[in-house]
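Per-entry structural report
What follows is the residue order along each chain.
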Amino acid sequence: MADIAKSASGGGGEHDGESRRDFLFLAAGAMGAVGAAAVVWPLIDSLNPAADVLALASTEVDLSPVEVGQAITVTWRGKPVFIRHRTEQEIEQARSVPLDELVDPATDESRVIEAPWLVMVGICTHLGCVPLGQKPSEPKGDFGGWFCPCHGSHYDTSGRIRKGPAPLNLVVPEYAFDDETTITIG
Amino acid sequence: MRKPVLTLAFAAALSLGGAGLAKAAEGVAVPDKDWAFEGIFGTFDTASLQRGLQVYKNVCASCHGLRFVAFRNLADLGYNEDEIAAIAADFMVEDGPNDEGEMFTREAVASDHWPSPFPNEQAARVANGGAYPPDLSLIVEARANGADYLYHLLIGYTEPPADMEVPPGQYYNEYFPGHLISMPPPLVEGIVEYADGTEATTEQMAEDVTHFLTWAAEPQLVARKQMGIKVILFLLVLTGLLYAVKRKVWSDVGH
Amino acid sequence: MAFQTNNPVIRWIEYRMPIFSFVDHSVGSGYPTPKNLNYFWNFGSLAGIALVIMIVTGILLAMQYTPHVDYAFASVERIMRDVNYGWLIRYIHMNGASFFFIVVYIHIFRGLYYGSYKAPRELLWMLGLVILLLMMATAFMGYVLPWGQMSFWGATVITNLFSAIPLVGESIVTWLWGGFSVDNPTLNRFFALHYLLPFVIFGVVVLHIWALHRFGSNNPLGIDVKGPQDTIPFHPYYTVKDYFGFGVFFIIFAAVIFFAPNYMGHPDNYIEANALQTPPHIVPEWYFLPFYAMLRAVTFDIWFIDAKLGGVIAMFGSILILFLLPWLDSSPVRSSKFRPIYKQLFWVLVADCILLGYVGSQPPEAPWVLIGQLATLYYFAHFLVLLPLLGKLERPKPLPVSISEPVLKGSGPVGASATAKPMEKA
């Protein structure tokens, strides 16, 4: 009885078929493992964004009603997008900062297409809250841009992180000007 | 032990067959037609799909929706992004509300689903003399032998038998259950001018649009079959190995 | 053979919670199993793997599905078209139900053929029947979720069965629906229960296996294990045999999933539910057809029981009667191998069930109504009349002394050890 179990489980013994047996066990085990992995992938991938989510419509925004100094928030892929029509002063403020003072160095020019229009995803790069600063009544932080109330991150008038725990600047989404007063985000 | 194995397999096969037979019992028997997408190596014929889309757009779409198909899905038919955008732009969809709180219509884009020709079932019925043109996205799966049925239905408008009275607003169709259908013969010779120069006979149009609607009902058909071949080949080898392992392990058990 | 290991981590855990020896005694080398089991004994583990497949794919589908009458149908189509591999997962789940039933039905008929329900395994058998009932409830509610025409009308017809209960029937149906027809509340509760019941099944499966391990597997000879010479360790012998069985099962399963995924379904379920129009010919899924035939077989009143209630009683009775089977079958011999007449009757019963399935798929017209009635009558007669009589009338063939007896005639390593003194299994 014990002998059977021992030889059957692949240990010891001096049969001719020994190496053939080992090979068989190994091959079947390896194929089984590959098969199991191949089955697991579709199951995991099913939880990734589906085709309809990936294809979500781009958002078209009419900028003409937004006066200088005003800001609007639009929704794109379920997220808020901040669009601020910046004043000359705000642009100047953003462009005069030396890059070595920045946490995440980027020129203001690299963050806009047309200087007056700053378009950014309005989600704090720390832990995903929506920063304040869009409405006149809201605090704009120490640098005249945005202030995230969750953990106290301050963004400047170019949406760059200047103070607080957030590691990166507010993200600029892919967008393009269709004409002078219309942009398409995404 | 051979006998019970066979008999049970037979029993299982029979009871499965029962389900298949139950389907065939409904409606009129439809002749079999060969399709490129049939069989384990079946694939869609892109040229036919494109012609079928043309027939659908020019003829069917005026009454029938295709709500589960998005314009982006037309990439399967071999169209690129610009071509898809152009096709979508031919259709208007409702969007909104805008900043004034009003709904508005705009040209469709790739991510939009195919707009239905009528806002709701009631409107569709009023416009069609009380009949409701069904959405066609799943029509091929929603009928027994869907592709064969649809093709023959489309070419099945024949003279009614002498003893049959066809009421106004109804048409005789050889393959429609009950033979009286409210849809007028849709595919009149030459109603579509094919972009690729194929002659638009009724049979050709019926074949192409059936091809297209088969794709619309199950766009993943080709991916499914191609994956199936790989999976089964893999399993055959693995099972063969497992059988060898089983025999090895059992070789010291007397039977 | 006690569980042993030199691995210190395993020993540390084992000392505090003897889970490794538990597994070893359940499906490992510490579980002695009759050495003569044939491939029909693979179907228990196959049912287990089918349950696992259904639970895994079901949980993933539940993450994409919307249980609302306005969105359910479209959410299933979204799974089919937009979700990555959604079509694969849904086809596995949809056909998995059918394969689960195929496997379980073969498992049950194996039990009938080899007398596995007899003492001392009556409770094991009854727990299996509980699993079957739970499976039927789960499958029925799952079929409603895509919210196609067959979903809706299947749900309507089956829930209406309860209206046959005297006095309170109508109230019960309204309660089941949460309204005055099958509607959104019904869909929501069916979804909740469809998610819950598989875990209940899992629990009963644990009990089923627990009961199995009390006396071990029956075997094709139907005689008790007389000693170690009659058994081999479950691992590796039956584990590897089960793996091979899984391989064969997966090949057939894959062939259907990839090449005929809708063969066992009904085209009407690709039409969204419409409360104003019943499909011309409604049929349940194939695995319910025999029961459906019995439901429709009672077309007449029996004393104070009207036809509607009679049909419901026949349908549920066909399974409930199986709970009594260990006592209805009074023959002391288990395996059909040694019961020449029972063996014939077993195959007649199989044919009867297939016939009932076919009748269930046909419209309720002549001659199917009469055939269905006769087949139903025979089904009950088999259990209520033939089996009790057979226990008295049948003359069984002589039983072998032990499982290893045929081996004694030959030679080989096991033959030698089989000469060891037989001893009763604890």
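Residues numbered from 1 in each chain as written. Chains lettered and ligands numbered in written order. Predicted model: local features only at pLDDT ≥ 70, side-chain atom pairs only at ≥ 80, totals over all residues. Heavy atoms only, no water.

**Side note on the overall build of chain C**
A tally of regular secondary structure across chain C gives 17 helices and 2 strands. In terms of C-alpha radius of gyration, chain C reaches 24 Å, essentially the compact-globule figure of 22 Å for 426 residues. Expressed as lengths along the three principal axes of its C-alpha atoms, the size of chain C is roughly 75 × 60 × 40 Å. The proportion of buried residues among the 426 residues of chain C is 56%. Taking as baseline every contact in chain C between residues at least 6 positions apart, the subset at least 24 positions apart corresponds to 79%. Summing over all exposed atoms, chain C offers an accessible surface of approximately 19000 Å²; the carbon and sulfur share of this is 72%. Positive and negative charge centroids in chain C, built from 25 and 22 side chains respectively, lie 14 Å apart. (Helix = DSSP H or I, 4+ residues; strand = E, 2+ residues; numbered from the N terminus. Rg over C-alpha atoms; globule rule 2.2 N^0.38 Å. Buried < 20%, exposed > 50% of the residue type's maximum accessible area, 1.4 Å probe, protein only. Contact = heavy atoms within 4.5 Å. Areas by Shrake-Rupley, 256 points an atom, 1.4 Å probe, with all protein chains shown as cover. Lys, Arg positive; Asp, Glu negative; His and termini not counted. Charge placed at Lys NZ, Arg CZ, Asp CG, Glu CD.)

**Topic: the domain arrangement of chain A**
One can read the domain layout of chain A as domain 1 (2-45) and domain 2 (53-185). Between domain 1 of chain A and domain 2 of chain A, the C-alpha centre-to-centre distance is 58 Å. (Domains from an automatic or database assignment.)

**Let's talk about the packing of aromatic side chains**
Working definition: an aromatic ring pair is given by the centre-to-centre distance plus the angle between the planes. The full count for this structure, using the stated rule, is 48 aromatic pairs over all chains. Between Trp35 of chain B and Tyr151 of chain B the ring centres are 5.9 Å apart and the planes differ by 85°, which places this aromatic pair in the edge-to-face class. One end of the pair, Trp35 of chain B, is in the loop between helix 1 (2-24) and helix 2 (46-58); the other, Tyr151 of chain B, is in helix 5 (residues 146-154), with 116 residues separating them in the sequence. Linked through ring pairs, Tyr56, Phe71, Phe91, Trp114, Phe212 and Trp215 of chain B together constitute an aromatic cluster. Seen from the ring of Trp35 of chain B, Lys33 of chain B lies directly overhead, with NZ or CZ sitting 5.1 Å from the centre. A cation sits over an aromatic face here: Arg110 of chain C above Trp41 of chain C, 4.4 Å from the ring centre. (Phe/Tyr/Trp six-rings, centres within 6.5 Å; stacked < 30°, edge-to-face > 60°. Lys NZ or Arg CZ within 6 Å of the ring centre and 35° of its normal.)

**Comments concerning the sheet that holds strand 6 (residues 153-156) of chain A**
All names here are of chain A. With antiparallel pairing, the 3 strands of this open sheet are ordered in space as 5-6-7. Each edge of the open sheet carries a strand with a single partner, namely strand 5 (144-148) and strand 7 (161-163). On average, each strand axis in the sheet is tilted by 35° relative to the strand beside it, whichever way the strands run. (Pairing = 2+ DSSP bridges. Axes fitted to C-alpha atoms, helices over the stretch in contact; angles between N-to-C directions.)

**Focus on the side chain of Asp156 of chain A**
All names here are of chain A. Take Asp156: it is sitting in strand 6. One polar contact links the side chain of Asp156 to the main-chain amide nitrogen of Ser158, over a distance of 2.8 Å. The residues contacting Asp156, other than those within four sequence positions of it, are Leu102, Phe143, Gly145, Trp146 and Arg162. (Polar contact = N/O pair within 3.5 Å; in protein donor to acceptor, adjacent residues only side chain to side chain.)

**Some thoughts on the state of the cysteines**
Enumeration according to the criterion identifies 1 disulfide over all chains in this entry. Sulfur-sulfur distance for the disulfide between Cys129 of chain A and Cys150 of chain A comes to 2.1 Å. In this structure the cystine formed by Cys129 of chain A and Cys150 of chain A twists about its S-S bond by roughly -100°; its chirality is therefore left-handed. You can see Cys129 of chain A sitting in the loop between strand 4 (117-121) and strand 5 and its partner Cys150 of chain A sitting in the loop between strand 5 and strand 6, a full 21 residues away along the chain. Summary of cysteine pairing: Cys148 of chain A is not part of a disulfide, and the nearest cysteine sulfur, belonging to Cys124 of chain A, is at 3.8 Å. Residue Cys148 of chain A is classed as buried on the basis of its relative accessible area, which comes to 2%. Between Cys63 of chain B, a free cysteine, and Cys60 of chain B, which holds the nearest cysteine sulfur, the sulfur-to-sulfur gap is 9.2 Å. We classify Cys63 of chain B as partly exposed; its relative accessible area is 27%. (Disulfide = S-S within 2.5 Å.)

**Let's talk about the interface of chain B and chain A**
Contacts between the two partners involve 13 residues from chain B and, on the opposite side, 19 residues from chain A. Across the chain B/chain A interface, buried area totals approximately 1300 Å², and carbon plus sulfur atoms make up 75% of it. Counting every contact that joins chain B to chain A gives 2 residue pairs in polar contact (both at pLDDT 80 or more). The residue makeup of the side of chain B that touches chain A, split by class, is 8 nonpolar, 2 polar and 3 charged. (Buried area = accessible area lost by both parts, 1.4 Å probe. Nonpolar A, V, L, I, M, F, W, Y, C, P; charged D, E, K, R; others polar.)

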